[in-house]
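Report on the structure
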Number of protein chains: 2
Amino acid sequence: MPDKPWRIPKVAVAVDLAVLTVRADQLQILLVERAIAPFRGMLALPGGFIASKEEDLDVAAARELAEETGLDAGQLHLEQMRTYGAPDRDPRGRVLTVCYFAVVPNLPLPTAGGDARAARWTPVDSVLDGDIDMAFDHRTIVADAVERARGKLEYTTLGAAFCATPFTVSELRHVYETVWGHPLDPRNFHRKITGVAGLLVATGERTTRDGGRPAALYRCGPATTMHPPILRGTER
Amino acid sequence: MPDKPWRIPKVAVAVDLAVLTVRADQLQILLVERAIAPFRGMLALPGGFIASKEEDLDVAAARELAEETGLDAGQLHLEQMRTYGAPDRDPRGRVLTVCYFAVVPNLPLPTAGGDARAARWTPVDSVLDGDIDMAFDHRTIVADAVERARGKLEYTTLGAAFCATPFTVSELRHVYETVWGHPLDPRNFHRKITGVAGLLVATGERTTRDGGRPAALYRCGPATTMHPPILRGTER
DNA sequence: TGAATAGTGTCTATTAGACAATATAAG
DNA sequence: CTTATATTGTCTAATAGACACTATTCA
């Protein structure tokens, strides 16, 4: 069974983006309302087909994000998450979608464009609980993205990506509490998170924006992983 | 920019497999010698193009594994690892490859077939150290697979997949030592691994195949993850 | 002043890692 | 008996989680 080029099936390739943030005490995901068929008018992840046979996947992801939501991929870290390729996942025919994952601070409301009629932040619980119907297999993709975020908080510095720089320890804790869905002891969290070498760098500034005693401001340090991890046990 | 089907670029889609095992005190990976161009005669991961526009990715992976190496995917757990899609990664043109990851016990030597001239187990160190040239970007893929295995040993029951059932605690420890590349204290390992609820189930049998005092035999229990994880610290 | 949050300290139960000691096989 | 491996136990330092207490702002 040699590789005969004229026999190799060719399929359409898309990229989709699962962009998460914490807004209004909720883990939210960036969704668009589809302006075109199929699933016209339904909510979907931003994304679309690669622009040409030569376009790199990472480039396509950044382009679609900018086109449909106005977000600049230069300001965030896109990482490949997983590829979804069930033969019947798109009614137009075989479409493989390579899904990307990103986390951003609480940003201004996105602006729709391209194939998207509207772009908005949506609580992931609305999606996972089935309150919102989603196009294609995007509900599954959202679930995978949420689980990835929850897991990566444990052993990476992903949490800081949810915060605008500079941030306070309690702002970072609020991210953990929101993503994991349960409260953490502020004192133990402070001790643990500031004890990880290279994770946080104090700017020397302080802020009272969270109320109460002024809190020290930090920016991200060089560390990207935590050993040992902060496990999401059932603290409290 | 509406979705005009006649403008959507179509690309070739392949699946590749990174199948790991522990043999002769080394972490080894299943490679094939390519029988066809490009990279004819060079070593590569088993894999190939999807057979039709309708073939599911998981099915394609199992089929290619059976065709090229004679292994039955029904006997192992294939999980999707990552998709590689750099525009220039295949000299024939744009080819997207969805890579799968699996771990197997020390199996009989594989039998080549399909587009593979030969199939054999190869120490991953030979690949990672550059002693072996590999086709396409497969050296990168091997590195990613090894890192995935090392990481998943910490918090999942993947290690047991390296062992033929039933197995002893010291056989399982040997897997950890080989994959991580450093020795572990047999007594502490025994205490930790048997202390994880649902991980190991004693068969009641014993064996002396490892020499010395007879060791209890175990099979896998229902647990798939470990909390807390066994961290690959610099023990010893 | 009180309310709110920041940050430090302290205590206890648990765990990791080092390693002693005993158990049971083969030769 | 010697050697090899299995398994249990013990000790100590580090850590996690609970929570008291002090510090510093604003209203």
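Residues numbered from 1 in each chain as written. Chains lettered and ligands numbered in written order. Predicted model: local features only at pLDDT ≥ 70, side-chain atom pairs only at ≥ 80, totals over all residues. Heavy atoms only, no water.

**Observations regarding the protein's contact with DNA strand C**
Test applied: Near residues are defined by distance, with any heavy atom within 4 Å of the molecule or strand qualifying the residue. Two N or O atoms form a polar contact when they lie within 3.5 Å of each other; inside protein one atom must be a possible hydrogen donor and the other a possible acceptor, and for residues adjacent in sequence the pair counts only when both atoms belong to side chains.
Residues in contact with DNA strand C amount to 23 residues; listed here are only the nearest, A:Ser170, A:Arg213, A:Ala216, B:Arg187 and B:Asn188. Sugar plus phosphate: this is where 53% of the atoms of DNA strand C within 4 Å of the protein reside. With respect to DNA strand C, the backbone of A:Pro214 contributes an N or O atom lying 3.4 Å from a sugar or linking oxygen. One nitrogen or oxygen atom from the side chain of B:Arg191 is found 3.2 Å from a base nitrogen belonging to DNA strand C.

**Focus on the protein's contact with DNA strand D**
The criterion, for reference: A run of H or I in DSSP becomes a helix once it reaches four residues, and a run of E becomes a strand once it reaches two; helices and strands are each numbered from the N terminus.
Of all residues adjacent to DNA strand D, which total 23 residues, the nearest are A:Arg187, A:Asn188, B:Ser170, B:Arg213 and B:Ala216. Near-protein atoms of DNA strand D (within 4 Å) split between backbone and bases, with sugar and phosphate holding 52%. A:Arg213 places a polar side-chain atom, nitrogen or oxygen, 3.3 Å from a base nitrogen of DNA strand D. Within the side chain of B:His190, a nitrogen or oxygen atom sits 3.2 Å from a phosphate oxygen of DNA strand D. Only helix 6 (186-195) of chain A together with helix 5 (169-180), helix 6 (186-195) and strand 9 (215-220) of chain B provide two or more residues apiece to the surface near DNA strand D. A total of 4 residues in the surface near DNA strand D trace back to one element, the largest contributor, which is helix 6 of chain A.

**So, the domain arrangement of chain A**
Residue and element names in this part refer to chain A. We count it as follows: Domain borders in the structure are assigned automatically or taken from a domain database. By convention, the term buried area covers the 1.4 Å-probe accessible surface removed from two parts as they join, with the contributions of both added. The working definition used for a salt bridge is a side-chain nitrogen of Lys or Arg within 4 Å of a carboxyl oxygen of Asp or Glu. Ten residue types, Ala, Val, Leu, Ile, Met, Phe, Trp, Tyr, Cys and Pro, are classed as nonpolar, four, Asp, Glu, Lys and Arg, as charged, and the remainder, Gly among them, as polar.
Here chain A is partitioned into domain 1 (12-152) and domain 2 (156-220). One C-alpha centre belongs to domain 1, the other to domain 2; they are set 28 Å apart. At the boundary of domain 1 with domain 2, total buried surface from both sides reaches about 1100 Å², with 69% on carbon and sulfur atoms. Our count for the domain 1 to domain 2 interface comes out at 0 salt bridges. Our count for the domain 1 to domain 2 interface comes out at 4 residue pairs in polar contact (both at pLDDT 80 or more). At the level of elements, strand 1 (10-23), strand 2 (26-34), strand 6 (95-103) and helix 3 (138-155) are the ones that each hand at least two residues to the side of domain 1 that touches domain 2. Among the residues forming the side of domain 1 that touches domain 2, the class breakdown is 8 nonpolar, 3 polar and 3 charged.

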